[in-house]
Number of protein chains: 2
Amino acid sequence: MESLHECWMRLALDEARMAAEQGEIPIGAVVVRNGEMISKAHNMCEIKKSAVAHAEILAIEEASRKLGSWRLSDCTLYVTLEPCPMCTGAIINARVQKLVFAAKDPRAGACGSLINIPSYPMESHPTVEYGVMQNESLDLLRAFFAKMRQQK
Amino acid sequence: MESLHECWMRLALDEARMAAEQGEIPIGAVVVRNGEMISKAHNMCEIKKSAVAHAEILAIEEASRKLGSWRLSDCTLYVTLEPCPMCTGAIINARVQKLVFAAKDPRAGACGSLINIPSYPMESHPTVEYGVMQNESLDLLRAFFAKMRQQK
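Right, let's walk through the structure included here.

What follows covers the nonpolar core. Judged by nonpolar contacts, the single largest core of 64 residues is most densely connected at A:Ile60, A:Leu77, A:Met86, B:Ile60, B:Leu77 and B:Met86. Beyond its immediate stretch of four places on either side in the chain, A:Leu77 contacts A:Val30, A:Val31, A:Glu56, A:Ile60, A:Ile91, A:Val96, A:Lys98, A:Leu99 and A:Val100. In terms of nonpolar packing, the next biggest core, distinct from the first, is built from 14 residues, A:Ala108, A:Ile117, B:Ile115 and B:Ile117 among them.

The next point concerns the sheet that holds strand S3 (residues 75-81) of chain B. In a beta sheet, neighbouring strands pair by backbone hydrogen bonds and run either parallel or antiparallel. Residue and element names in this part refer to chain B. Taken in spatial order, the 5 strands make up an open sheet running S2-S1-S3-S4-S5, and their pairing is mixed. The strands lining the two open edges of the sheet, one partner per strand, are strand S2 (36-42) and strand S5 (127-130). Each strand of the sheet is rotated relative to its neighbour by a mean of 15°, with strand direction disregarded. Relative to S5, strand S4 (residues 98-103) runs parallel, the two being bridged by 4 bridges. Bridging across to S5, Leu99 finds its partner in Val128.

To continue, consider the interface of chain B and chain A. Across the boundary between the two partners, chain B contributes 30 residues, which contact 30 residues of chain A. Of the roughly 2,400 Å² buried where chain B meets chain A, counting both sides, 68% is carbon and sulfur surface. The largest per-residue losses of area from chain B upon contact with chain A belong to B:Lys49, B:Ala51 and B:Trp70, which jointly make up 21% of the total buried on that side. For the interface between chain B and chain A, the tally reads 4 residue pairs in polar contact (both at pLDDT 80 or more). Of all elements in the fold, only helix H2 (45-48), helix H3 (55-67) and helix H4 (85-93) of chain B reach the threshold of two or more residues within the side of chain B that touches chain A. A per-element tally of the side of chain B that touches chain A places H4(B) first, with 5 residues.

Residue and element names in this part refer to chain A. A contiguous nonpolar patch, built from Ile25, Phe145 and Met148 and spanning about 230 Å² of accessible area, is present on the exposed surface. Along the chain, the position of Phe145 falls in helix H5 (residues 134-151). Take Phe145: its relative accessible area is 35%, and that puts it in the partly exposed class.

This paragraph deals with H3(B). Across its 13 residues, H3(B) extends 18 Å between first and last C-alpha, which sits within 8% of the 18 Å expected from 1.5 Å per residue. Within the span of H3(B), buried status applies to B:Ala55, B:Glu56, B:Ile57, B:Leu58, B:Ala59, B:Ile60, B:Glu61, B:Ala63 and B:Ser64. The elements touched by buried residues of H3(B) are helix H3 (55-67) of chain A together with strand S1 (28-33), S2, H2, S3 and H4 of chain B. Looking at the residues trailing H3(B), positive phi occurs at B:Gly68, about 70°.

Let's shift gears to the packing of helix H4 (residues 85-93) of chain A against H4(B). When two helices pack together, their arrangement is given by the angle between the helix axes and by the axis-to-axis distance. At their nearest, the axes of H4(A) and H4(B) sit 7 Å apart, and the two run at 155° to each other. Our classification of the angle between H4(A) and H4(B) gives roughly antiparallel. Every pair of crossing elements has a handedness; the one defined by H4(A) and H4(B) is left-handed. Of the residues in H4(B), those touching H4(A) at A:Pro85, A:Met86, A:Gly89, A:Ala90 and A:Asn93 are B:Pro85, B:Met86, B:Gly89, B:Ala90 and B:Asn93. Residue composition of the contact of H4(A) with H4(B), grouped by class: 6 nonpolar, 4 polar and no charged.

All names here are of chain A. With mixed pairing, the 5 strands of this open sheet are ordered in space as S2-S1-S3-S4-S5. Of all strands in the sheet, those with a lone pairing partner are strand S2 (36-42) and strand S5 (127-130), marking the two edges. Mean inter-strand twist for the sheet, computed between neighbouring axes without regard to direction, equals 15°. Where H3 meets the sheet, its contacts fall on strand S1 (28-33), S2 and strand S3 (75-81), and the angle it forms with S2 comes to roughly 140°.

This brings us to the relation of the copies chain B and chain A. Between chain B and chain A, the superposition needs a rotation of 180° and an axial shift of 0.0 Å, giving an RMSD of 0.0 Å. Expressed as a symmetry operation, the mapping of one chain copy onto the other fits a two-fold axis. Among all residues of chain B, the one whose C-alpha sits closest to the rotation axis is B:Met86, at a distance of 1.9 Å. When the interface residues of chain B are mapped onto chain A, 100% of them again lie at the interface, so the same face is used by both copies.

On to the packing of helix H1 (residues 4-21) of chain B against helix H5 (residues 134-151) of chain B, then. Residue and element names in this part refer to chain B. Interaxial distance between H1 and H5 falls to 11 Å at its minimum, and their mutual angle equals 0°. Considering their axes alone, H1 and H5 lie roughly parallel with respect to each other. Contacts from Leu13, Ala16, Arg17 and Ala20 of H1 reach H5 at Glu136, Ser137, Leu140 and Phe144. Residues belonging to the contact of H1 with H5 are distributed by class as follows: 5 nonpolar, 1 polar and 2 charged.

With that settled, consider the pattern of salt bridges. A complete count under the given rule lists 16 salt bridges over all chains for this structure. A salt bridge links A:Asp139 to A:Arg142, with the shortest nitrogen-to-oxygen separation between them at 3.6 Å. In this pair, A:Asp139 and A:Arg142 both sit in helix H5, 3 residues apart, roughly one turn of the helix. Owing to a relative accessible area of 46%, A:Asp139 belongs among the partly exposed residues under this scheme. Between B:Glu62 and B:Lys66 there is a salt bridge; the shortest N-O distance is 3.6 Å. A residue pair is termed a helical-turn pair when its members lie 3 or 4 positions apart in one helix, as B:Glu62 and B:Lys66 do in helix H3 at 4 residues.

Rules used in this analysis
Residues numbered from 1 in each chain as written. Chains lettered and ligands numbered in written order. Predicted model: local features only at pLDDT ≥ 70, side-chain atom pairs only at ≥ 80, totals over all residues. Heavy atoms only, no water. Core = buried A, V, L, I, M, F, W, Y, C linked by side-chain atoms within 4.5 Å. Buried < 20%, exposed > 50% of the residue type's maximum accessible area, 1.4 Å probe, protein only. Contact = heavy atoms within 4.5 Å. Pairing = 2+ DSSP bridges. Helix = DSSP H or I, 4+ residues; strand = E, 2+ residues; numbered from the N terminus. Axes fitted to C-alpha atoms, helices over the stretch in contact; angles between N-to-C directions. Buried area = accessible area lost by both parts, 1.4 Å probe. Polar contact = N/O pair within 3.5 Å; in protein donor to acceptor, adjacent residues only side chain to side chain. Patch = residues over 30% accessible without salt bridge, like charges linked within 9 Å, V, L, I, M, F, W, Y side chains within 5 Å. Areas by Shrake-Rupley, 256 points an atom, 1.4 Å probe, with all protein chains shown as cover. Salt bridge = Lys/Arg side-chain N within 4 Å of Asp/Glu carboxyl O. Expected span 1.5 Å × (residues − 1). Parallel < 35°, antiparallel > 145°, perpendicular 65-115°, else oblique. Left-handed = near helix turned anticlockwise from the far one by under 90°. Nonpolar A, V, L, I, M, F, W, Y, C, P; charged D, E, K, R; others polar. Least-squares fit on C-alpha atoms with pLDDT ≥ 70 in both.

Written out as structure tokens, the structure is:
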């Protein structure tokens, strides 16, 4: 039986697949509040020509627009890869209550892998869970980078 | 005689003043390339109802739009307060070559105060300078918070 976390992470993985189809690194994110999806987004750095256009940032911006507030204190953010420092900082700034990510990122993950930003004394501390559907996320990333190498 | 750093920081301080006039925490940022200003912005979290709308993020987004690239590798970013983890991460993601900030932020500064994100092994390492016109920046912040307390 699929857990609630898996249900939302599946939507984030669908977003990651959309990113790959557009030539973007396949990472997707979903913001959920009270059992309802508020926003979803995927990495769009190349299309938007912006280093800020990570899935988490776009999902947070969209959720804030929809809720009419920069405070997402009753929201959970699902993302298919451990957030980088920028996105971890955004999650903290937006007071996101809970973060659930699929796969760890040893290269740039800022929630325990390279750095552990939520462990510092900051204004907000999201609870963090990880490992939900990590194999599906890693398979997507590996397939994407294998294809990129072939095209070079 | 005013230094080049002071000249650009003065523009960032003008942006910070504009933020204060709009009821936003007075922080301003400017992106410069080859002696030319590419973008300037100030904190707009309340107006835009977005925790992502820090001066640095808005200035990076505008610079990327103008230059047509997410890579700002020949750019310097001036900002009136030490960047938070989100903005420090964005500066690294955007490959900004140099960061100059005015005042340190012991509460949330991620370039040496609370955390030192640029010291971790990441894909890009901006050189960091600070202290340029720090008193002017701190005066603006103190006046803003004093006014806020009076209004409560």
